[in-house]
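One-letter residues, chain by chain:
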Amino acid sequence: MADTGDLLHTVTNDNLSPRRVAFGRAIMWAAAGVLALVAVVQTLHATGRFDLGFTTWRPTLYAYVFWAVAFCWGQVLTRGEQGKRVLFVLPAALFVISMVVFPLLFGLVIAFSDWNLSSPTGRKFNGVDNLVQMWGDPFYWNALRNMVWYVLAIIVEYTIAFGLALLLNSQIRARKFFRVAFLLPLMLSPVAVSWMVGKSMMEIRFGPLARLARELGWAEPSFFGSPWMAKLTIMVMDAWTFIPFMMIMILAGLQAIPKEVQEAAKVDGANGWRGFWEVTFPLMLPVTITVILIRIIFKLKLADIIINVTSGGPGGATDSVTSFIFREYRDRSNVGYGTLLAMVYLVIIVVAITLLMKISDRWMRPKY
Amino acid sequence: MAPITHTQIFHDSSTDLSHRAKWFTGRVAVYGALIIWTVICLFPIYWTITTSFKMAPDVMKGNMVPWWDYTPKWLGWKSLGLSPDTIGTESTVRDEFMKRFLNSVITSVSSSALAVVLGSLAAYGLSRFSYRFGYMRNADISFFFLSQLILPPVVLALPFLVLYKSLALLDTRIGLILLYTLTVLPIVIWIMRDQFAGIPTELEEAAMVDGLSIWGAFATIVMPISLPGMVAAFILSLVLTWNEYFFAALLTSTHANTLPVMVASQTGSQGISWWSMAALSFAAILPLIVIGVVLERYIIKGMAAGAVK
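Residues numbered from 1 in each chain as written. Chains lettered and ligands numbered in written order. Predicted model: local features only at pLDDT ≥ 70, side-chain atom pairs only at ≥ 80, totals over all residues.

Asks: Would you mind going over the overall build of chain A with me for this structure?
Replies: Helix and strand counts for chain A stand at 14 helices and two strands. Here the C-alpha atoms of chain A give a radius of gyration of 28 Å, more than 25% beyond the 21 Å that 2.2 N^0.38 yields for 368 residues. Projected onto its principal axes, the C-alpha coordinates of chain A cover approximately 75 × 60 × 40 Å. A separation of at least 24 residues holds for 64% of the contacts in chain A among residues at least 6 apart in sequence. (Helix = DSSP H or I, 4+ residues; strand = E, 2+ residues; numbered from the N terminus. Rg over C-alpha atoms; globule rule 2.2 N^0.38 Å. Contact = placed C-beta atoms within 7 Å.)

Right under this line is the structure:
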């Protein structure tokens, strides 16, 4: 991900009066003070030192928002032009930090504690007990293995998407119609798709897909009966919604290849097949890697369809990690254990994606 | 006068004819594949629409074509309170549906708007100025934003559940809006960075020479130029947030339920009353189908932004 665009270099003379700088500092510190004060008071209240009648942590939230605004304003006051530039990134950065970093740290605390929301005892620190439990939990490992299969299915999805993109890129009439039609599955909500396809079209007695399967000689079609069939069906439904996404990105890549390259290959005597494998496909490698990487990232979040169609069944054959943790919470309110599973999942993902990016980087470099 | 005999002098040689035939079969194959995939894409939608007008026997007989093998009835829409004869009367189901629909509209539109505002500003800053924040340079800051995409929602879900509970944000629209903004923000930043990189900096320099501040230049010069990109980012965020189910299912219960949660809850409870499920599903996907058909080029633009560097 290279740095984009050339930078804007301007020299501005800031003559900030000392009073303005002092005022800026003052509001930043004052707001921070207010935030600290409110937080301390609320903590004392929560630990039961004295009762101030708080029911929620809202006051701290408001104090935080107040501090964030004061901090942004203070930047402009104390740093002038530079502060105005910082102001472009600062709101988004503060937002992401407070929405991600803070909950993640909090999540780490939860992950190492025994906390069942439905039990009255509350949170108890229990060290690595959750990790030990995870190690012996066959369903979690099963879900992880399933994720590997789901991710491998991307290869097939990619092939189909590439084929469709090539079709759309060739000389055809009514291209716009086909493009819209191919795009539509992406627009549908996975929950609606689970009903439309998973529950009604694949319904064993009346569903059109079941009828079709019977016509084709499958005597008793059942799409969710055996573990592998169920897994395959989930893969197909997920592919159905996400192939358009890959297709559009590949199509954009194809259209960015100059026509002359293909023509030159043709002049040199390459037929369509060789022209594709030796010219188009290598040129598409960077796009391919981007597309597959993004698709993997989306695939790792796969849950909606599984939750709504099979809820993991039969016997956990279709479980993804996300749907498994979802049920762990829904059925058992087991926040501590669920969070630990999610954290482990995050670590695995980060390691895997980093490795993947490194490998693809190395693989790409000698060629270009 | 001798009769004019039509003898053909020039013939297509047999190799040319075979070429024609090859071209023709090629066309047939291409259009065949296109049509097959179109059917695959559109049939589930067609099936849902038609099923919402069917009655029980029609469903069981597997009738497909309205007016040909069954007569459309408003049964499914009546159960939602949206058929012509029930639209004027009181209907609790319709009220429920409208409430969920409104929740979906409010959460998805405001979170997309918030993400576009925050994301555009950040992307603009990152494409124009060099920042240093500790050891982090521009590339690191960009990576920090984009890496949020990797974060699976399940990691945030349970901590947020607990946090929101103590902040009394559970089952509120604001809570959902904040989370949705977070999930689409990296995508917006990605699209907008690409967009701003394509705008020459001379434009702002000229504007600043003419006396505008950097924010003035951004608002009056850069924003209008990059509007198509913003629309693309907005639409893409809208699609993602409208369809979001996981967070909504975990963090809402009665007040702030969105449409996907309602659809999901009906799937389990009603067994096989297909017509009302079909009507409900179709009502849930209709807004996005309209957006998809009308604003298709923005969606494609948004997705293509990331692919080609």
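Asks: What should I look at first to understand the confidence of the model for chain A in this one?
Replies: In regions of low pLDDT, the predicted coordinates are not meant to be interpreted in detail. Residues and elements named next belong to chain A. Confidence in the prediction of chain A, expressed as mean pLDDT, is 84, and 94% of residues score 70 or more. Model confidence for chain A, summarised as mean pLDDT per element, is weakest for strand 2 (residues 124–125) at 77 and strongest for helix 4 (residues 138–169) at 92. Here residues 1–5 is a poorly scored stretch, pLDDT under 50, and it has 13 contacts once near neighbours within four places are set aside; other chains count. (pLDDT = per-residue confidence, 0-100.)

Asks: How do you make sense of the domain arrangement of chain B when you look at a structure like this?
Replies: It is common to report an interface's size as the accessible area lost on association of the parts. All names here are of chain B. Annotation of chain B at the domain level lists domain 1 (20–80) and domain 2 (92–307). With 12 residues of domain 1 at the contact, the number on the domain 2 side is 12 residues. Of all elements in the fold, only helix 1 (14–51) and helix 3 (75–80) reach the threshold of two or more residues within the side of domain 1 that touches domain 2. The element contributing the most residues to the side of domain 1 that touches domain 2 is helix 3, with five residues. Taken together, the residues that form the side of domain 1 that touches domain 2 break down as six nonpolar, five polar and one charged. (Domains from an automatic or database assignment. Nonpolar A, V, L, I, M, F, W, Y, C, P; charged D, E, K, R; others polar.)

Asks: What is the right way to read the interface of chain A and chain B from this model?
Replies: Contacts between chain A and chain B engage 82 residues on the former and 91 residues on the latter. A per-element tally of the side of chain A that touches chain B places helix 2 (residues 58–111) of chain A first, with 16 residues. Of the residues in the side of chain A that touches chain B, the class split is 58 nonpolar, 14 polar and 10 charged.

Asks: What's the story with the domain arrangement of chain A in this structure? I'm lost.
Replies: Residue and element names in this part refer to chain A. The domain boundaries assigned to chain A delineate domain 1 (18–111) and domain 2 (138–192 + 235–367). One C-alpha centre belongs to domain 1, the other to domain 2; they are set 39 Å apart. Between domain 1 and domain 2, the residue contacts involve four residues of the former and five residues of the latter. Per-class residue counts for the side of domain 1 that touches domain 2 are three nonpolar, one polar and no charged.

Asks: Please clarify how the environment of Ala-39 of chain A should be interpreted in this entry.
Replies: All names here are of chain A. Along the chain, Ala-39 falls in helix 1 (residues 18–46). Here Ala-39 falls in the partly exposed class, since 15 other C-beta atoms lie within 10 Å of it. Taking the C-alpha atoms as reference points, Ala-39 and Trp-57, separated by 18 residues in sequence, lie 8.7 Å from one another. (Buried ≥ 20, exposed ≤ 12 C-beta atoms within 10 Å, placed from the backbone.)

Asks: Can you walk me through the confidence of the model for chain B in this structure?
Replies: Residues and elements named next belong to chain B. Of the residues in chain B, 92% reach a pLDDT of 70 or more, and the chain-wide mean stands at 84. Element-level pLDDT for chain B is lowest in helix 2 (residues 56–61), with a mean of 75, against a maximum mean of 91 in helix 4 (residues 92–128). Interface predicted TM-score (ipTM) for the complex: 0.87; the corresponding pTM is 0.88.

Asks: It is not clear to me how the environment of Arg-327 of chain A should be interpreted in this structure. Could you clarify?
Replies: Residues and elements named next belong to chain A. Position of Arg-327 among the secondary structure elements: in helix 13 (residues 321–332). Residues Arg-327 and Ile-27, 300 residues apart in the sequence, show an inter-C-alpha distance of 47 Å. Not counting residues up to four positions away in its chain, the partners in contact with Arg-327 are Ser-311 and Gly-312.

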